[in-house]
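Observations on chain architecture
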Amino acid sequence: MKWTSIISLFIVLTFWNTSGFTQVASEGEGQFSFPTLAEETKLTRDVYVALGNKWDKQIFTNIQQAKEKHLGEVKKLIQQRGLELPESIVKDEQGVFTDPQIQKWYDNLVAEGSTSLEAAFKVGAMIAERDITGLEAGLEVEIDEKETTLLNKLLGASQNHLRAFHKGILKQGNDYEPVLMDKASFNSVIQGEKVMNC
C-alpha cells in the first residue's frame, strides 16, 4: 500500500472522524445522532459488500453480515424514538447515499480498498478504528440505558472487527499502524479477548 494512498485515506477518515455521530445541541450539550449512526453503518456495510465482491474473502462477508444486523437494530431504535430514517436507509440501495459527503467517503474507501487485498484489509482496519472512536464519543454524551446498551454492543463488535482485520494484515506478512486511535488504545483492543454476543 503506497504511502501516498495512506495519507490520502487518512485525510478522508480524519474528516469522517471529526464529523462524528455526536452533534452539538443549540443549548451547547452533546447529542448522539442515531439517524447519522444508521447512515454510517450502512456506509460501512456497503463498503464491506463491495470489497467482498472484489476480493472474495470470508472476512468481508462475515463483517458485512454483522453490520446488516447492527443496522437493523439501529433502525428499530430510531423508529421506537419516533425519529425519521434517512432516505438512503429507507431505499437501501447498495453504495447510494443522499448525503454527498457520505457518498464521497464511500467512493474513496471502495476505490482505495480495490487497489490490492492489503489495501482492502487496511481500509477495513481503519473503518473499525473510526467506528470505535465514534462510538466511544457517543457513550460520553447523555443517552438512556437502552441506547447505552446498543452502543456498547456495537463497540464490542467493532473491536472484534479491528482484531480480525489486524490478524489478516499480519497473516499477509504486512504491518499496520493505527490511523485514528492512539497507540495505547489500539494495542489494548488488539490484545483484548473477543467480545461475545455482539
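We now turn to the structure provided with this report. Please read all numbers here as calculations on a predicted model, not as lab measurements. (Residues numbered from 1 in each chain as written. Predicted model: local features only at pLDDT ≥ 70, side-chain atom pairs only at ≥ 80, totals over all residues. Heavy atoms only, no water.)

With that settled, the discussion passes to the packing of aromatic side chains. One pass over the full model with this rule turns up seven aromatic pairs. Taking the centre distance of 5.7 Å and the plane angle of 65 degrees together, the rings of Phe60 and Phe121 count as edge-to-face. Placement of Phe60 in helix α3 (residues 58–80) and of Phe121 in helix α6 (residues 117–138) is noted, with a sequence separation of 61 residues between them. Each of the two residues, Phe60 as well as Phe121, counts as buried. (Phe/Tyr/Trp six-rings, centres within 6.5 Å; stacked < 30°, edge-to-face > 60°. Helix = DSSP H or I, 4+ residues; strand = E, 2+ residues; numbered from the N terminus. Buried < 20%, exposed > 50% of the residue type's maximum accessible area, 1.4 Å probe, protein only.)

One non-glycine residue, Asp56, lies in the positive phi region at around 55 degrees. Looking at the element boundaries, Asp56 is found in the loop between α2 (34–55) and α3. Even without being a glycine, Asn197 presents a positive backbone phi close to 60 degrees.

Once the charged atoms of two side chains with opposite charge are near each other, the side chains can pair. Counted under the stated rule, the structure contains twelve salt bridges. For Lys42, the salt bridge is made with Asp46, and the minimal N-O distance between the two is 2.5 Å. You can see Lys42 and its partner Asp46 sitting in helix α2, four residues apart, about one turn around the helix. No difference in accessibility class separates Lys42 from Asp46, as the two residues are buried. Note that Lys91 and Glu87 form a salt bridge whose closest N and O atoms lie 2.9 Å from each other. Here Lys91 and its partner Glu87 are both found in helix α4 (residues 87–91), four residues apart, which amounts to about one turn of the helix. (Salt bridge = Lys/Arg side-chain N within 4 Å of Asp/Glu carboxyl O.)

Moving on, we come to the packing of helix α5 (residues 100–113) against α6. Direction vectors running N to C along α5 and α6 enclose 140 degrees, while the axes themselves pass 7 Å from each other. Mapping the contact onto sequence places Leu109, Glu112 and Gly113 in α5 and Ala119, Ala120, Val123 and Ile127 in α6. Considered class by class, the residues forming the contact of α5 with α6 number five nonpolar, one polar and one charged. (Axes fitted to C-alpha atoms, helices over the stretch in contact; angles between N-to-C directions. Contact = heavy atoms within 4.5 Å. Nonpolar A, V, L, I, M, F, W, Y, C, P; charged D, E, K, R; others polar.)

Where empty space is left becomes clear once a probe the size of a water molecule has been rolled over the atoms. Its boundaries defined by the atoms lining it, the largest pocket holds a volume of some 260 Å³. In this structure, the largest pocket is lined by 14 residues; those nearest its centre are Asn160, His161, Lys194, Val195 and Cys198. Put simply, the parts of the chain that give the lining of the largest pocket at least two residues each are α3 and α7 (145–171). Per element, the largest residue contribution to the lining of the largest pocket is five residues, and it comes from α7. Class assignment of the residues belonging to the lining of the largest pocket gives a composition of seven nonpolar, five polar and two charged. (1 Å grid on protein atoms, 1.4 Å probe; cavity = no way out; pocket = protein on both sides within 12 Å on 5 of 7 lines; lining within 4 Å. Points joined across faces, edges and corners; volume = space filled by probe spheres on them.)

We now examine α6. Over its 22 residues, α6 runs 32 Å from end to end, which matches the ideal 32 Å to within 8%, given 1.5 Å per residue. For α6, the buried fraction is high: 19 of the 22 residues fall into the buried class. (Expected span 1.5 Å × (residues − 1).)

Attention now goes to the environment of Glu73. Tracing the sequence through the fold places Glu73 in helix α3. The spacing of Glu73 and Leu154 is 81 residues in sequence and 9.9 Å in space, taken between C-alpha atoms. Among residues more than four places away in sequence, those in contact with Glu73 are Leu150 and Lys153.

Here we come to the side chain of Lys42. By relative accessible area, which is 0% here, Lys42 ends up buried. The contacts of Lys42, once residues within four sequence positions are left out, are Leu71, Ser88, Ile89, Asp92, Glu93, Gly95, Val96 and Phe97.

This part is about the packing of α3 against α6. Here α3 crosses α6 at 25 degrees, and the two axes come no closer than 12 Å. Here α3 is positioned roughly parallel relative to α6, judged by the angle of their axes. The chirality of how α3 crosses α6 is left-handed. Counted together, Ile59, Phe60 and Lys67 of α3 and Leu117, Ala120, Phe121 and Asp131 of α6 form the full contact between these two elements. Tallied by class, residues from the contact of α3 with α6 come to five nonpolar, no polar and two charged. (Parallel < 35°, antiparallel > 145°, perpendicular 65-115°, else oblique. Left-handed = near helix turned anticlockwise from the far one by under 90°.)

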